[in-house]
Amino acid sequence: MPDIASKWEFIKNQIFEEYGLTKVSYNTWINPLKFHSVENNKVYIVIPDDNNLKLTYITKSFTDYFKVTISEVMNHEYDDVIFMLEKEIEEEKKEAVIENKVYNINSETANLNAKYKFDTFVVGANNKMAHAASLSVAENPGTSNYNPLYIYGESGLGKTHLMQAIGHYVLETNPDKKVLYVTSEQFTNEIVDCLRSGNANSINKFRDKYRTVDLLMIDDVQFLIGKEATQEEFFHTFNELHSSGKQIILSSDRKPNELTVDERFIGRFTMGLSTFIERPDYETRIAILMRKAETSNINIGRDIINYIAENINSNIRTLEGALNRIIAFSKLNKVEMNVQYAEEALKDLISPNDNKEVTPKYIIEVVAEHYGVTVEDIISKKRTAEISLPRQICMYLCREMTDVSLNEIGAALGNKDHATILHGVKKIENDITSNKELSNKVETIKKKLSPN
C-alpha cells in the first residue's frame, strides 16, 4: 500500500510522541527504519544494518508499537509487522535475478558467441555431414531423429561453432525458445556449488534451469566422466528433456562407445545421430584461411595462404593462429609479407621435414594447443581448473621427456618454484594410474611431441 510510504515519517513521529521515547532512543532505533512493503496483510520494515542483535532487539521492543500505530494511522488492522535486515533485501534481489535468468533464457543469457553462426562456418569434405545434420536440427529442433545430436572430433575443428550456430538459428527464427549452451565444466561447477550449499532450493533452481529449456547444448561431454554426482544429474536431465521432445546437442573428442561410462549413457548418446568432424583437407584449409583474412579485412597473398595450408594440417585454431602470427610479424617488422617472411614467422611452428626437439617451450606450446588455451595462460598465475590441469601436464611431460632440472622447468612455466613443479609432476603421475581418460590424453600429447 503506497499510503504507508507517504505517511512513514508521520508514523515514526507518532511512535516517538505517544510512547514517550527519548530522543536518543528514537534516533538510535526508530528513525533509521525504512518502510519496505505490505504483503499478505503484513507490513515489512527494513533495518539499514546487518546486525542480527539489532534485529532481535527491535523486533522484541517495537513490534507492537508499529503494529498499533500503523493500524491507527491507516485505519486498517494489519496481521503483523515484520522487521528485516538490509542484507536480506539484497539476497532477495540476487535470487530474483537468478530466477529471472532461469525462466527467461534468451540470446543474451544463452552463452552464445556472436561469431559462431552458420554463415561464418566454412563447409568442406571434412565436416559436410556434421554441417547438414546441424542445419536440419536447427530448422526442426526436437522433432527429427537427430535427438540427441552428438558431434565428435579433435579439439579445434569447429564442434563448438556448429553447436552455437544451431542456438543462434533457433533464437533468430523463434525468439521465445529457451536455448542454453554450457561447457561440461560449467555444468559440473553448478552441480558442485549446489551440493556444497546443501540447500534444496538451489538444487531445484538448477533443475528448473536445465530441465525447462527447449535446446540444451553441452560441450566436451567427455569431461563429465568420473564425476558421479554430475553424471547422475546429467542422466536425469537428459531423460527429462528427451521425453519432453526437447532438443539435446552434445560434443566430445571421441565416439560415444569410446567413452568410459556405463552402458546407459552410451545407449542414450546413440539414440539420435552421431556425426564426425575430421581434420580439414587442403582445399578446406585454404577456404578457412581466406575466410579469416576476409572477415579480418586483411590483404594477404594467395602464395602465403598456400604455404600455411600446405604445412599445417592439424586444426582450425592452429591455422588461424599461424595467419595471426604472420600478420603480427609483418606489422612488428614493418615489412611487406611474402613467403620468405612467412617461413621466418612460422619457423618454430612448422618443421615439415624434421621432428622438433622436445624442449619445455615446445611442450608448453603443444599442450596449450591441445587444450585450446594460450601459452600465456599456462605460464600465468591463473588457478582455474581449465588452466591448472594443462599446466601440471606440462610439468609432468617436461620432467619425463627432457633432461632439464626442476628449476629450469619452473622458469619456463612462469618462474614457478621447485616445490610447485614437483607437486604437479607427482599429481599427474598419480592421476594417470587411476584416470584412464587423462592417461589417454597424456599419451596423445606425447605422440604429438614425438611422433616416432
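As the structure is a prediction and not an experimental result, all values here were calculated from the model. (Residues numbered from 1 in each chain as written. Predicted model: local features only at pLDDT ≥ 70, side-chain atom pairs only at ≥ 80, totals over all residues. Heavy atoms only, no water.)

Peer 1: Describe the environment of Val-192, and please don't skip the residues or the numbers.
Peer 2: On the secondary structure map, Val-192 appears in helix H8 (residues 184-197). Residue classification places Val-192 among the partly exposed residues on the basis of a relative accessible area of 28%. In sequence terms Val-192 and Thr-230 are 38 residues apart; their C-alpha atoms lie 8.0 Å from each other. (Helix = DSSP H or I, 4+ residues; strand = E, 2+ residues; numbered from the N terminus. Buried < 20%, exposed > 50% of the residue type's maximum accessible area, 1.4 Å probe, protein only.)

Peer 1: Could you give an account of the confidence of the model for the protein, with specific residues and numbers?
Peer 2: Averaged over the protein, the pLDDT score is 85; the fraction of residues at 70 or greater is 94%. Considering only residues more than four positions removed or in separate chains, one finds that residues 96-104, a stretch of pLDDT under 50, has 10 contacts. (pLDDT = per-residue confidence, 0-100. Contact = heavy atoms within 4.5 Å.)

Peer 1: Describe the pattern of salt bridges, naming the residues involved and giving the relevant values.
Peer 2: Tallied over the entire structure, the rule returns 17 salt bridges. Put simply, Lys-12 and Glu-9 hold a salt bridge, and the shortest N to O gap is 3.4 Å. On the criterion of helical spacing, the pair formed by Lys-12 and Glu-9 is a turn pair, its members being 3 residues apart in helix H2 (residues 8-18). Judged by its relative accessible area of 1%, Lys-12 falls in the buried class. Where Glu-443 meets Lys-446, a salt bridge forms, and the shortest distance between an N and an O atom there is 3.5 Å. Here Glu-443 and its partner Lys-446 are both found in helix H21 (residues 436-449), 3 residues apart, which amounts to about one turn of the helix. Residue Glu-443 is classed as partly exposed on the basis of its relative accessible area, which comes to 38%. (Salt bridge = Lys/Arg side-chain N within 4 Å of Asp/Glu carboxyl O.)

Peer 1: Lay out the packing of aromatic side chains in plain terms, naming residues and giving numbers.
Peer 2: Evaluated as defined, the whole model comprises 22 aromatic pairs. When the centroid spacing of 5.7 Å and the interplanar angle of 65° are considered together, the rings of Phe-62 and Tyr-65 count as edge-to-face. In this pair, Phe-62 and Tyr-65 are both assigned in helix H4 (residues 52-74), 3 residues apart and thus about one turn of the helix distant. Taking 5.7 Å as the distance between ring centres and 80° as the angle between the ring planes, the aromatic pair formed by Phe-66 and Phe-83 counts as edge-to-face. Of this pair, Phe-66 sits in helix H4 while Phe-83 sits in strand E3 (residues 80-85), and the two are 17 residues apart along the sequence. Exposure remark for Phe-66: the relative accessible area of 0% places this residue in the buried category. Using a relative accessible area of 7% as the deciding quantity, one classes Phe-83 as buried. The rings of Tyr-150, Tyr-152, Phe-187, Phe-206, Tyr-210, Phe-234, Phe-235, Phe-238, Phe-265, Phe-269 and Phe-276 are connected pair by pair, giving a single aromatic cluster. Its end group placed over the ring of Phe-235, Arg-264 keeps NZ or CZ at 4.1 Å from the ring centre. Across the ring face of Tyr-371, the terminal group of Lys-441 is positioned such that the distance to the ring centre comes to 5.5 Å. (Phe/Tyr/Trp six-rings, centres within 6.5 Å; stacked < 30°, edge-to-face > 60°. Lys NZ or Arg CZ within 6 Å of the ring centre and 35° of its normal.)

Peer 1: How would you explain the sheet that holds strand E2 (residues 42-47) if you had to name every residue and give the values?
Peer 2: Pairing within the open sheet is mixed, and its 3 strands lie in the order E1-E2-E3. Each end of this open sheet is capped by a strand with a single partner; those strands are strand E1 (34-39) and E3. Between one strand and the next, the sheet's axes are offset by a mean angle of 25°, whatever the strand orientation. Pairing of E1 with E2 involves 5 bridges; the strand directions are antiparallel. Across the sheet, residue Lys-34 finds its bridge partner in E2, namely Val-46. Most of the contacts of H4 go to E3, to which it runs at about 150°, and overall it touches E2 and E3. (Pairing = 2+ DSSP bridges. Axes fitted to C-alpha atoms, helices over the stretch in contact; angles between N-to-C directions.)

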